[in-house]
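Next come the chains, spelled out residue by residue.
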Amino acid sequence: MAMIGTDINHAVALLKAGQLVAIPTETVYGLAGNALDLSAVSQIFKVKNRPSFDPLIIHLPAFSAVSPYVKAIPEAAAVLAAAFMPGPLTLLLEKSEQVPDIVTAGSALVAVRIPAHPMAQQLLSRLDFPLSAPSANPFGYISPTTAAHVDEQLGPQIPYILDGGPCEIGLESTIVGFPAGKPTVYRKGGIAVEALEGVAGPVEVRAHSSSNPQAPGMLKSHYAPRTPMVLGNPEDFIAKYRVEEIGCIRFQEAFHGVPKAQQLILSPSGDDQEAARRLFAGMRQLDSQPLSVIVAELLPEEGLGRAINDRLRRAAAR
Ligand code: TXA
Ligand code: MG
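The present account deals with the structure reproduced in this document. (Residues numbered from 1 in each chain as written. Chains lettered and ligands numbered in written order. Predicted model: local features only at pLDDT ≥ 70, side-chain atom pairs only at ≥ 80, totals over all residues. Heavy atoms only, no water.)

1. Focus on the sheet that holds strand S12 (residues 229–231)
Sheet strands associate in pairs through backbone hydrogen bonding, adopting either a parallel or an antiparallel arrangement. Here we have four strands laid out as an open sheet, ordered S12-S15-S13-S14, and parallel in their pairing. What marks the edges here is a single partner per strand, and that holds for S12 and strand S14 (263–265). Direction aside, neighbouring strands of the sheet carry axes that sit 20° apart on average. Of the pairings in the sheet, the one linking strand S13 (residues 246–250) to S14 comprises three bridges and is parallel in character. Opposite Cys-248, over in S14, you have Gln-263 as the bridge partner. Strands S12, S13, S14 and strand S15 (293–296) of the sheet are contacted by helix H8 (residues 272–287), whose axis makes an angle of about 170° with S14. The sheet contacts of helix H9 (residues 305–315) involve S12, S13 and S15, and relative to S12 the element is tilted by about 125°. (Pairing = 2+ DSSP bridges. Helix = DSSP H or I, 4+ residues; strand = E, 2+ residues; numbered from the N terminus. Axes fitted to C-alpha atoms, helices over the stretch in contact; angles between N-to-C directions. Contact = heavy atoms within 4.5 Å.)

Written out as structure tokens, the structure reads:
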């Protein structure tokens, strides 16, 4: 068990001493360390059991603090930053020499994010280095949206978890890069593609590939519970499993053939933001039950529904 609390001074002291701290953001909890400290960064990979080819996002208090770490800021990046930062957006920019290669896994691009969560903001503005912070879960598992989620899995390996309450957004940030200057979504996330397009015009979405070593968050099998998950209609599984063995993830309405306690209803009112906020905690809850299969229903492919469906598809790809 890690120590859990709201002591920002303590978090600052640990991070300055090269230690790791789990931190709240509005998307998901991150496992943070000094991005300029090689031993802190390698500790992050070790605690998460994360392959070294999977690069880390750096977190800063404001977009204005990004210049030492990048070589250039494309016009479209500046436009998106002005509209959505701080917030659930990550930009892929050409890295400067300041950013250690271990952080970007050798890539010439660095992923930059400015979290909006007030506690993350307070913490980052007290540091004179960026924080590398992947989601605070073992590699491949569901991202944590509460301090307790972090503690359950990584608690024994980290000295402190800063508790900022349940995450407001509940999905990881949207990752946007700029090949040839054109905004391109590499991971669907907390900012809907429609919202990006409202500001930047048409954007390309490349977040479909099944095994892209350039962005392993896009690996087909990711964000997955231990219980086998499938996409489809629970009706089709009633003949194959006992009713007590079937879990359901549904958008608005329960499935009538399975007990309610085995079902995650994401948003009875059909609100995609509420659905996003509840998804990961609900998946963990189902995963803690003795189920043999979790049958998930996809949401309409619009707004945050696209990012939610992306996570459901990946979770089912195992
Ligand atoms: O919302 C978020 O983005 C959360 C919070 C904690 O900030 N962080 C997060 O980090 O989701 P992580 O490491 O779990 O996912 C980051 C994704 C990975 O799939 C990684 O491959 C991709 O971003 N990524 C990071 N740096 C990259 C780079 N230089 N080029 C391409 N992809 C990169
Ligand atoms: Mg992750």
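Resuming the write-up.
2. Points about the sheet that holds strand S7 (residues 131–132)
Pairing is mixed in the open sheet, where 11 strands are placed in the order S1-S8-S2-S3-S7-S4-S6-S5-S9-S10-S11. The sheet is open, and its two edges are formed by strand S1 (3–5) and strand S11 (204–205), each paired on a single side. Sheet analysis places strand S2 (residues 21–23) next to strand S8 (residues 160–162), joined by two bridges and oriented parallel. Among the inter-strand pairings, Val-21 is bridged to a residue of S8, identified as Tyr-160. Packing against the sheet, helix H6 (residues 147–154) makes contact with S1, S2, strand S3 (30–34) and S8, and its axis sits at approximately 160° to S8.

3. Some words on the pattern of salt bridges
Under the definition given, this model contains 11 salt bridges. Taking the shortest distance from any N to any O, the salt bridge between Arg-313 and Glu-301 comes out at 3.0 Å. Of this pair, Arg-313 sits in helix H9 while Glu-301 sits in the loop between S15 and H9, and the two are 12 residues apart along the sequence. Assessed through its relative accessible area of 36%, Arg-313 is described here as partly exposed. A relative accessible area of 41% places Glu-301 in the partly exposed class. Within this structure, Glu-172, Asp-310, Arg-311 and Arg-314 form a network of salt bridges that share partners. (Salt bridge = Lys/Arg side-chain N within 4 Å of Asp/Glu carboxyl O. Buried < 20%, exposed > 50% of the residue type's maximum accessible area, 1.4 Å probe, protein only.)

4. A short note on the pairing of S13
Across the five residues of S13, five count as buried, placing the element largely inside the fold. Neither face of S13 is left uncovered, since the one carrying Ile-246, Cys-248 and Arg-250 and the one carrying Gly-247 and Ile-249 both have all their residues buried. Both S13 and S15 contribute to a ladder of four bridges, which runs parallel. Following the sheet pairing, Ile-246 is matched in S15 by Val-293.

5. Some remarks on the nonpolar core
Counting residues in each nonpolar core, the largest one holds 46 residues, and the members touching the most others are Leu-89, Leu-91, Val-112, Ile-158 and Leu-196. Taken together, the elements giving at least two residues each to this core come down to helix H2 (38–48), helix H3 (75–84), strand S5 (89–94), strand S6 (109–113), H6 and helix H7 (193–200). Setting aside chain neighbours within four positions, we find Leu-196 in contact with Leu-80, Phe-84, Leu-89, Thr-174, Val-176, Val-185, Ile-191, Gly-201 and Val-203. Among the nonpolar cores identified, the runner-up in size contains 26 residues, and Tyr-141, Leu-266, Ala-276 and Ala-296 belong to it. (Core = buried A, V, L, I, M, F, W, Y, C linked by side-chain atoms within 4.5 Å.)

6. A closer look at the packing of aromatic side chains
Inspection of every chain in the model, using the stated rule, returns two aromatic pairs. An angle of 10° between the planes, with centres 6.5 Å apart, marks the rings of Tyr-223 and Phe-280 as stacked. Highlighted residues: Tyr-223 in the loop between S11 and S12 and Phe-280 in helix H8, separated in sequence by 57 residues. Here the basic side chain of Lys-240 rests over the ring of Phe-237, its NZ or CZ set 4.7 Å away from the ring centre. The ring of Tyr-223 has Arg-311 sitting right over it, with the charged end atom 4.8 Å from the ring centre. (Phe/Tyr/Trp six-rings, centres within 6.5 Å; stacked < 30°, edge-to-face > 60°. Lys NZ or Arg CZ within 6 Å of the ring centre and 35° of its normal.)

7. Here we look at the packing of H8 against H9
Two packed helices can be described by the angle between their axes and the distance between those axes. Relative to each other, H8 and H9 sit at 20°, their axes nearing to 9 Å. Relative to H9, the element H8 lies roughly parallel. By crossing handedness, the relation of H8 to H9 is classed as left-handed. Counted together, Asp-272, Ala-275, Ala-276, Leu-279, Phe-280 and Met-283 of H8 and Gly-305, Ile-308, Arg-311, Leu-312 and Ala-315 of H9 form the full contact between these two elements. (Parallel < 35°, antiparallel > 145°, perpendicular 65-115°, else oblique. Left-handed = near helix turned anticlockwise from the far one by under 90°.)

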